[in-house]
Amino acid sequence: MKTLPFPEEQEDEESALIKTVGWVSAGLGAVALGLFIGREIRQRYKFNRRTPYDFYSHAGDETDVEVGLGI
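All chains use their own residue numbering, which begins from 1 and follows the written sequence. Per-residue local features of the predicted model are confined to residues with pLDDT of at least 70, and side-chain atom pairs are confined, for both listing and counting, to 80 or more; whole-chain, interface and lining totals are unaffected and use all residues. Only heavy atoms go into the side-chain values, all of them from the structure, while hydrogens and water stay out.

> Outline the overall build of the chain, supporting the account with residue identities and numerical values.
Only DSSP runs of H or I reaching four residues or more are called helices, and only runs of E reaching two or more are called strands; each is numbered from the N terminus. From N to C terminus, the chain includes one helix and zero strands. Partly exposed residues are those whose accessible area sits between 20% and 50% of the maximum for their type, while under 20% is buried and over 50% is exposed, using a 1.4 Å probe and protein chains only. Within the span of the chain, comprising 71 residues, buried residues form 0% of the whole. In this description, accessible areas are obtained by the Shrake-Rupley approach with a 1.4 Å probe, and a residue is regarded as covered only by the protein chains that are shown. A total accessible area of about 7,300 Å² is found for the chain, and carbon and sulfur atoms account for 61% of it.

Given below as structure tokens:
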């Protein structure tokens, strides 16, 4: 039987490390995708639920906008 230059146990440890890194990166990718999709859905929901006041540029502002009005 031929001896391998690297022990087999080391391959198992490396394989476990690579699998762990792969699962963590896949999980982070899924979280990022979920956040992006959730943000898009929320923006579309808010856009479709606009009131007539939302069509005006400063609708609902508490402060007075008098700059540039010539008053």
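That covers the picture; the talk isn't over yet.
> Lay out a nonpolar patch on the surface with the relevant residues and their values.
Patch membership requires over 30% relative accessible area and the absence of a salt bridge. Like charges are linked within 9 Å, and nonpolar side chains (Val, Leu, Ile, Met, Phe, Trp, Tyr) within 5 Å. By definition here, a salt bridge exists when the distance from a side-chain nitrogen of Lys or Arg to a carboxyl oxygen of Asp or Glu is within 4 Å. A surface patch of nonpolar side chains, about 400 Å² in accessible area, is lined by Leu33, Phe36, Ile37 and Ile41. Given a relative accessible area of 48%, Phe36 falls into the partly exposed group.

This is a description of form; function is not addressed.
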